[in-house]
Amino acid sequence: MSSSVVENKTACVTGGSGYVASALIKTLLEKGYAVKATVRNPDDMAKNSHLKDLQALGPLQVLRADLDEEGSFDEAVACCDYAFLVAAPINLASGEDPEKELIEPAVRGTLNVMRSCVKAATVRRVVLTSSAAAVYMRPDLRGGDDGHVLDDESWSDVEYLRANKPPTWGYSARGEGATRFAEEHGVSLVTVCPVITVGAAPAPTTRTCIPYCLSLLSGDKASLGVLKVLEEVSGGVQLVHIDDLCRAELFVAEEAAAEGRYNCCSHNTTVVELARFLAHKYPQYDVKRNLHTYDQDELLEKPRACILSAKLAREGFQFKHNTLDEIYDNVIEYGKALGILPN
């Protein structure tokens, strides 16, 4: 789509200081959109310096908004054609009351933004960034048979989530609350569920999966441990490049017939397969030694489960980064910039 087609369209992106949001803002500006990005504190240049740099690409307004404050997104979504809900008040640390600390803030924050969208009366579609945790949180993936296929109709086991309260279960509840609100208020809502996301973004810091994706190179045992746990609970290591995720979000926003939920995954692999690839591509790092932090019997040789993005494919979307080589095209330099890898 040429920029001339969308030059008069405006999009709101919440959580502008974050990894995915910063890349999405860049994509929108490059496509000719005017963008209104929200952050909790616009004066915090340590978190928001990249937004000032992105203003060179096009009209970008940075506004203060807080997910905990009802009405604080009214200005941000006013006169917008699309709203991309990327920010999520989800604390990955286990607390004494996960329901109160994880679920309630997640649902409340999402609904606060959606109420502002209803008030604006100009928002054609709301795109909610969820997580593949809404897809693979189910006990049958933690061992047992291979060959599970998780498509856009696959859902995490709600009873299992309530009983075990894994760290990312708030994403599933957040989506359920948004869906009910959208149905009750006539909001066109589309939910995107990305898997582990790899690739460089404008954000100068990140608390996302980048440290996990680079742990076999960095030797960070804690991050490698998280990658192993993700493989255990999801039945594999599912990956998507950040550029493809942003393209997918824009695709479902603009596609008139888009509805419901979309998985966003371009490659299914394992820790072992990933280690082989990285050891070959980046021999300067001691990948084999880092991998031996864990007993090889604990790791999968091939994915036990694969997440498919069939719905995106059916509607005409094509991933540009399908192989490990393509997915890891620029993440090494980004890792160096973030201080995860040595220069």
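Residues numbered from 1 in each chain as written. Predicted model: local features only at pLDDT ≥ 70, side-chain atom pairs only at ≥ 80, totals over all residues. Heavy atoms only, no water.

**A word on the sheet that holds strand 4 (residues 82-85)**
Our working definition: Pairing between two strands requires that DSSP report at least two bridges joining them. The way it works is that DSSP assigns letters per residue, a run of H or I at least four long becomes a helix, a run of E at least two long becomes a strand, and they are numbered from the N terminus. Note on geometry: axes are C-alpha line fits, over the in-contact stretch for helices, and angles between N-to-C directions span 0 to 180 degrees.
Sheet architecture is open: seven strands sit in the order 3-2-1-4-5-7-10, paired in parallel fashion. Each of the sheet's edge strands pairs with one partner strand only, and the pair in question is strand 3 (60-64) and strand 10 (260-264). Each strand axis lies, on average, 20 degrees off the axis of its neighbour in the sheet, ignoring direction. With five bridges joining them, strand 7 (residues 189-194) and strand 10 adopt parallel strand pairing. Paired with P194 across the strands is C264, a residue of strand 10.

**Here we look at the nonpolar core**
Note the following rule: By nonpolar core we mean a set of buried residues, namely Ala, Val, Leu, Ile, Met, Phe, Trp, Tyr and Cys, connected to one another through side-chain atoms within 4.5 Å. For each residue, the accessible area found with a 1.4 Å probe, counting protein chains only, is set against the maximum for its type, and the residue is called buried under 20%, exposed over 50%, and partly exposed in between. Between two residues, a contact is recorded if the distance between any of their heavy atoms is within 4.5 Å.
Judged by nonpolar contacts, the single largest core of 86 residues is most densely connected at F84, Y136, L216 and Y328. Sequence-distant contacts of L216, defined by excluding residues within four places in its chain, comprise L224, L227, V271, L274, A275, L278, D286, V287, N290 and L291. Membership of the second largest hydrophobic core comes to 24 residues, among which are L63, A83, A178 and F181.

**Regarding the packing of helix 2 (residues 19-30) against helix 3 (residues 45-54)**
Our working definition: For classification, angles of less than 35 degrees are called roughly parallel, those exceeding 145 degrees roughly antiparallel, those between 65 and 115 degrees roughly perpendicular, and all remaining angles oblique. Amino acids are sorted into nonpolar (Ala, Val, Leu, Ile, Met, Phe, Trp, Tyr, Cys and Pro), charged (Asp, Glu, Lys and Arg) and polar (every other residue, Gly among them).
Packing of helix 2 against helix 3 brings their axes to within 11 Å, and their N-to-C directions diverge by 5 degrees. Comparing the axis directions of helix 2 and helix 3 gives the class roughly parallel. Contact residues: S22, I25, K26 and L29 in helix 2; H50, L51 and L54 in helix 3. Of the residues assigned to the contact of helix 2 with helix 3, the class counts are four nonpolar, two polar and one charged.

**Overview of helix 12 (residues 242-254)**
Counted only if it meets this: Expected helix span is computed as 1.5 Å times (number of residues minus one).
Helix length check: helix 12 (13 residues) gives 19 Å between terminal C-alpha atoms against 18 Å at 1.5 Å per residue, within 8%. Helix 12 sits mainly inside the fold: 10 of its 13 residues count as buried. Buried residues of helix 12: I242, D244, L245, C246, A248, E249, L250, F251, V252 and A253, and no others.

**With respect to the packing of helix 2 against helix 12**
Put simply, the rule reads: The sense of a crossing depends on the near helix, which, turned anticlockwise from the far helix by less than a right angle, makes the crossing left-handed and, turned clockwise, makes it right-handed.
The interhelical angle for the contact between helix 2 and helix 12, taken along N-to-C directions, is 65 degrees, at an axis separation of 9 Å. The chirality of how helix 2 crosses helix 12 is right-handed. Residues Y19, V20, A23, L24, T27 and L28 of helix 2 pack against I242, L245, C246, E249 and L250 of helix 12. Class assignment for the residues of the contact of helix 2 with helix 12 results in nine nonpolar, one polar and one charged.

**Description of unusual backbone geometry**
Here the phi dihedral of C79 falls at roughly 70 degrees; this positive angle occurs in a residue that is not glycine. In this fold, C79 is placed in the loop between helix 4 (74-77) and strand 4. When its relative accessible area of 63% is taken as the criterion, C79 is described as exposed. Positive phi, close to 65 degrees, is recorded for A121, a residue that is not glycine. Looking at the element boundaries, A121 is found in the loop between helix 5 (98-120) and strand 5 (125-129).

**Focus on the packing of aromatic side chains**
Our working rule: The criterion for an aromatic pair is that two Phe, Tyr or Trp rings (for Trp, the six-membered ring) have centres within 6.5 Å, with stacked assigned to planes under 30 degrees apart, edge-to-face to planes over 60 apart and tilted to the rest. Counting as a charge over the ring demands two things of the Lys NZ or Arg CZ atom: a distance within 6 Å of the ring centre and an angle within 35 degrees of the ring normal.
On inspection of all chains with the given rule, the structure shows five aromatic pairs. In this structure, R261 packs its charged tip against the face of W155, placed 3.8 Å from the ring centre. Between the NZ or CZ atom of K311 and the centre of the ring of Y262, over which it lies, the distance is 4.3 Å.

**Comments concerning the pairing of strand 2 (residues 34-39)**
The side chains of a regular strand alternate between both faces of the sheet. Here is the rule we go by: A right-handed crossover is one whose linking path, passing over the helix from the first strand to the second, runs clockwise when the strands point away from the viewer.
Within strand 2, six of the six residues are buried, which leaves it mostly tucked inside the rest of the structure. Residues of strand 2 alternate between two faces, with A34, K36 and T38 on one and V35, A37 and V39 on the opposite face, all of them buried. Sheet topology note: the strand 1 (residues 10-13)/strand 2 ladder contains four bridges and is parallel. Following the sheet pairing, V13 is matched in strand 2 by A37. This β-α-β element, strand 1 to helix 2 to strand 2, shows right-handed connectivity. With five bridges joining them, strand 2 and strand 3 adopt parallel strand pairing. From the neighbouring strand, A37 faces strand 3, where its bridge partner is V62.

In short, shape yes, function no, at least from these values alone.
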